[in-house]
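What follows is each chain in one-letter form.
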Amino acid sequence: MTARTVGRTFARLQLVQIDSVNVLVRSHFLPFYSRLGNYDRDILQRMSGSQPRRMLEYWAHEASFIRPEHYRDLLLWQKRAWVGASRMDPGLRNDVAARILAVLASSRPMTASELTARIGHVEDRQAENWGWNWNAVKRVLEHLFEEGLVSAASRTAQFERRYTLTSKVLPHLAAAASDGDAVAALRRLTDAAAQAHGIGSVRCFADYFRTPVKATALAVQHLVEHGRLEPVTVAGWERKVFRHVDSVLPRQATGRALLSPFDSLVFERRRLFELFGFHYRIEIYTPEPKRRYGYYVLPFLLRDRMVARVDLKADRAAGRLLVRSAFAEPDAPPDTAGRTRG
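Computed from a prediction, not measured in an experiment: that's the story for all the values here.

Draft legend 1. Structural context of helix α10 (residues 182-197). The end-to-end C-alpha distance of α10, which contains 16 residues, comes to 22 Å, matching closely the 22 Å that a straight helix rising 1.5 Å per residue would cover. Inspection of α10 places A184, A185, L186, L189, T190, D191, A192, A193, A194 and H197 among the buried residues, and these make up the whole buried set. The N-capping residue of α10, defined by a side-chain oxygen 3.1 Å from the backbone nitrogen of V183, is D181. Just past α10, the residue G198 takes up positive phi, approximately 85°.

Draft legend 2. Here's a closer look at the pairing of strand β5 (residues 161-165). Of all five residues in β5, four are buried, a share of seventy percent or more. Alignment of strand β4 (residues 150-155) against β5, held across five bridges, turns out to be antiparallel. In the strand pairing of β5, V150 is matched with L165. Hairpin remark: β4 followed by β5, antiparallel, with five residues in the connecting loop; positive phi at F159, about 75°.

Draft legend 3. Region of interest: the packing of α10 against helix α11 (residues 202-209). Contact geometry of α10 with α11 gives a least axis separation of 9 Å together with a crossing angle of 105°. Comparing their axes, α11 and α10 come out roughly perpendicular. When α10 is examined against α11, the residues L189, T190, A192, A193, A194, A196 and H197 are found in contact with a partner set consisting of C204, F205, Y208 and F209. The residue makeup of the contact of α10 with α11, split by class, is nine nonpolar, two polar and no charged.

Reading the values: rules and limits
- Residues take numbers from 1 onward in each chain, read along the sequence in its written order.
- Per-residue local features of the predicted model are confined to residues with pLDDT of at least 70, and side-chain atom pairs are confined, for both listing and counting, to 80 or more; whole-chain, interface and lining totals are unaffected and use all residues.
- As a rule here, side-chain values come from all non-hydrogen atoms in the structure, and water together with hydrogens is ignored.
- Secondary structure elements are taken from DSSP: a helix is a run of H or I of four residues or more, a strand is a run of E of two residues or more, and numbering for both begins at the N terminus.
- The span you would expect from a helix comes to 1.5 Å times its residue count less one.
- Relative accessibility under 20% of the residue-type maximum defines a buried residue, over 50% an exposed one, and the middle range a partly exposed one, all with a 1.4 Å probe and only protein chains included.
- Distance and chemistry together define a polar contact, namely a pair of N or O atoms within 3.5 Å, with one atom able to donate a hydrogen and the other to accept it when in protein, and with adjacent residues in sequence counting only for side-chain atoms on both sides.
- Strands qualify as paired when DSSP identifies two bridges or more between them.
- Axis definition: a line fitted to C-alpha atoms, over the contacting stretch in the case of helices. Angles run 0 to 180 degrees between N-to-C directions.
- Throughout, the term roughly parallel applies to angles under 35 degrees, roughly antiparallel to angles over 145, roughly perpendicular to angles from 65 to 115, and oblique to all others.
- It only takes one pair of heavy atoms within 4.5 Å for two residues to be counted as in contact.
- Only Asp, Glu, Lys and Arg are considered charged in this grouping, and only Ala, Val, Leu, Ile, Met, Phe, Trp, Tyr, Cys and Pro are considered nonpolar; every other residue, Gly among them, is considered polar.

Interpretation note: all reported values are geometric properties and have no functional meaning in isolation.
Below, the structure is given as structure tokens:
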């Protein structure tokens with residue numbers, strides 16, 4: 001599997017969600033395996049961690065790898081108020097930010113703990129719930145990340161961000177987005193979301209990059225008027241549905257794949273139910289006695305149907321893959337079990 005093949009898949013997806021849960025494997029590795037089969041995961045490391053970058057971390061559908069061309073557009077629309085930074089004393093926050101930016105301007109990329117040591121910041125450990133008990137350096141770093149002043153240059157083996165100035169990650173792109181055209185930016189993001197979906201509703205497209213529904217509806221209207229989207233009818237859908245002009249209807253459905261709980265195909269649960277009749281929720285945060293299917297359950301796609309769900313866990317010490325539970329859907333075809341094993 002070549003880097004070009006992986007890159008083409010990412011270009012179709014537009015984004016891949018990142019999550020720290022590592023029960024099976026880091027979630028951003030799974031969408032590529034589901035679509036391509038076995039591939040060299042180092043390709044993703046190179047795409048996201050070396051120049052010229054073809055993947056960049058930022059907030060989209062939660063924390064995600066995005067295409068660099070979407071970065072400035074997302075800066076205009078992803079406004080997440082970091083409570084941890086906002087609760088800090090303004091003087092402390094500004095002082096820590098200035099010291100962080102000064103260090104990163106003249107150093108290699110560094111983790112939050114490395115930066116804490118470099119600037120000599122010391123504080124008592126907090127016992128509060130907000131901010132995951134981050135110290136001031138980490139809270140300020142996340143605020144600078146959201147503002148677009150710092151970015152993730154790469155990740156450590158423990159999945160910690162290595163921060164650096166955004167100007168070093170994207171040297172050709174000014175980080176500040178305050179002078180950008182927000183309306184045009186949302187149209188581009190909506191067009192990209194529609195390309196990734198093929199067909200979908202306004203809510204589907206808004207959910208992809210987590211943009212406001214009402215503003216996205218105006219962007220959809222614009223794209224319809226300019227021939228990028230066209231209204232279509234989908235059996236079972238009562239809301240308005242739109243098809244992107246670049247979408248292609250395959251001659252037959254040949255899919256056979258386990259999907260990450262964070263796969264873009266299952267982002268929007270209502271769409272998943274309307275297309276496949278498949279009700280799905282991730283039960284990580286559900287107390288164990290109340291779980292129906294398991295802790296880390298992956299939907300199983302067979303051709304054009306969701307036919308099963310499987311709770312998987314990697315036993316890394318023993319080198320085994322554990323199937324903790326498996327459930328076929330009531331209308332699953334007779335060959336589901338064999339297809340799953342295959």
